[in-house]
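Survey of secondary and tertiary structure
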Amino acid sequence: MSEISMRQLMQERLPASARGLLNRVASLSEKTGMPVYVVGGFVRDLLLAIENLDIDIVVEGDGLRFARELAQELKAEVTPHSKFGTSVLHFKDGTHLDVATARREFYEEPSALPTVQPGTIREDMDRRDFTINSLAIKLEPDGNRPLLDFNQGQPDLADKIIRVLHENSFVDDPTRIFRAIRFEQRLGFHLSRETEAELVKALPIISKLSGHRLTNELVAILKEKQFTPYLRRMQELGVLVMVQSELSCNEKDFAVLERLEHQLRQPENQLSIGEADPVSVRLLATLWSLDSDAFESTLHRLDLKGQTGDKLRRDRSQCQAVLKQFGSADTLSALQIYDALSPGSVESVYWLLAITENESNESVQLAVERFYSSLRQAGELSLTGDDFIRMGLKPGPLFQRVFRELRRARLEGEISSREEEEKLVREKFHPDG
Ligand code: CTP
């Protein structure tokens, strides 16, 4: 693509604010004498006509100084990371801009972070993951926007191919295994034959990735619009078992997952369950078939400590408890349904609905429907513990019994107002009643 057409492309595909920002960067390039480029995913998506306003700037020279001066001009806050020669500019409207010094990298050990040194734009493009991500557009002060393609990125974009730049790419940085799958599925591309073979060869190196880096990559995948095709591809290429040796999905699992995806696409369902967090419910789904030892060892491998790990554990046992209880009971009282479903998260309900949709035993589906259409609201009580005290009851285990009785009576339609609650408390629990 010629220089003129890149300029045209920017004119046609970028909002005025992004063009204005790039023009300011280009002017500063002239003032400082440092050549500047916009690179990476932004250029890839510009050429594919996909909206992406995540701008990455690379400076040949002193990127930290350039970022400081740019921040001053644009009245932005700047956070420098001197060790890596990178900075992030934060604008008042909440957007940000990444500025890096062009660099070359050496990997001294597979999967470790690389040693970096300042370099040229070519060296910076040559250290990148895939040809389609190694394109740069030079921001020239006169408005010219030449495209630099040192690695045949443009033909690969046209042919929809994900290709690494050198054969050790995945060994150097196994996070690229996950990135390859992510771009392949998101863009509807495919891995080149050699790249797929190199990816498969590098699979054992996944074991060297820290839990934190591994989880970052998985979360990036869990955040994509669709999840099933990504999981299927991870299974097919042998990635899942490298994350956890017992992690595996079959056609039945994919079908259940598709039902979950269907629910996630229509959060405004008739039952007003609320919106589930896709990352959390997809993770619950992925780890569902593991036994409890394998489940715990996966949480450990992924370094999922604290709240995230606890939530997953809670959601999982909540779903297991409901399935166990509802699977064996023929009829369930309103109070039993309420007790089973009210402590659950939105995510656990989404997952319960997905796994039971095609089952002959409809008790879970019916119970969820009943809970959200009436019981959830009906079970809300007007009186609080303070009211009980005011009414002369003594705090202690008795309160739990009172709450339970009130809830049962509400759920079974025996009472429906605060006054009736008070009357029931007086009749059944009052010391003088
Ligand atoms: N990159 C790389 N190797 C990695 C991570 C990133 O070479 N392991 C390079 C790629 O050139 C990539 C750029 O850094 O385009 C920016 O990375 P990132 O923001 O993670 O990716 P994007 O390509 O912008 O993708 P996304 O659309 O998912 O943000």
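Before reading further, recall that the structure is shown in the block above.
In this text, all values refer to a predicted model and were calculated from it rather than measured experimentally. (Residues numbered from 1 in each chain as written. Predicted model: local features only at pLDDT ≥ 70, side-chain atom pairs only at ≥ 80, totals over all residues. Heavy atoms only, no water.)

Looking now at the packing of aromatic side chains. For the coordinates displayed, the defined rule picks out 7 aromatic pairs. With centroids separated by 6.4 Å and ring planes inclined at 50°, the aromatic side chains of F130 and F170 adopt a geometry described as tilted. Taken as a pair, F130 in the loop between α5 (121-126) and β8 (135-138) and F170 in helix α7 (residues 169-172) lie far apart in primary sequence, 40 residues in all. With relative accessibility at 0%, the residue F130 sits in the buried group. Within the aromatic cluster, the residues linked to one another by ring pairs are F130, F170 and F183. Over the aromatic face of F183 sits the side chain of R182, whose NZ or CZ is 5.2 Å from the ring centroid. (Phe/Tyr/Trp six-rings, centres within 6.5 Å; stacked < 30°, edge-to-face > 60°. Helix = DSSP H or I, 4+ residues; strand = E, 2+ residues; numbered from the N terminus. Buried < 20%, exposed > 50% of the residue type's maximum accessible area, 1.4 Å probe, protein only. Lys NZ or Arg CZ within 6 Å of the ring centre and 35° of its normal.)

Another aspect to go through is the packing of helix α2 (residues 16-32) against helix α4 (residues 63-74). At a closest axis distance of 11 Å, the pairing of α2 and α4 adopts a crossing angle of 125°. By the criterion of interaxial angle, the relationship of α2 to α4 is oblique. As for the relative orientation of α2 and α4, their crossing is right-handed in sense. Listed contacts from α4 to L21, R24, V25, L28, S29, K31 and T32 of α2 are R65, F66, E69, L70, E73 and L74. Considering only residue class, the contact of α2 with α4 consists of 6 nonpolar, 2 polar and 5 charged. (Axes fitted to C-alpha atoms, helices over the stretch in contact; angles between N-to-C directions. Parallel < 35°, antiparallel > 145°, perpendicular 65-115°, else oblique. Left-handed = near helix turned anticlockwise from the far one by under 90°. Contact = heavy atoms within 4.5 Å. Nonpolar A, V, L, I, M, F, W, Y, C, P; charged D, E, K, R; others polar.)

For the rest of this paragraph, the subject is the pattern of salt bridges. Applying the stated rule across the entire model yields 38 salt bridges. Put simply, E105 and R103 hold a salt bridge, and the shortest N to O gap is 3.4 Å. Residue R103 is classed as buried on the basis of its relative accessible area of 16%. Of the charged contacts, one joins R408 and E412 as a salt bridge, the two residues approaching to 2.9 Å between their closest N and O atoms. Look at E412 and you get partly exposed, because its relative accessible area is 43%. Sharing partners across several salt bridges, the network here consists of R103, E105, D124, R127 and R128. (Salt bridge = Lys/Arg side-chain N within 4 Å of Asp/Glu carboxyl O.)

Attention now moves to empty space enclosed by the protein. Scanning all chains against the criterion turns up 2 cavities of 30 Å³ or more. Roughly 100 Å³ of volume is contained in the largest cavity. Elements that contribute at least two residues to the lining of the largest cavity include exactly α10 (211-222), α11 (228-237), α12 (240-243) and α14 (278-287). Of the residues contributing to the lining of the largest cavity, the split by class is 12 nonpolar, 1 polar and no charged. By volume, the second largest cavity is sized at about 30 Å³. No other element matches the 4 residues that α10 contributes to the lining of the second largest cavity. (1 Å grid on protein atoms, 1.4 Å probe; cavity = no way out; pocket = protein on both sides within 12 Å on 5 of 7 lines; lining within 4 Å. Points joined across faces, edges and corners; volume = space filled by probe spheres on them.)

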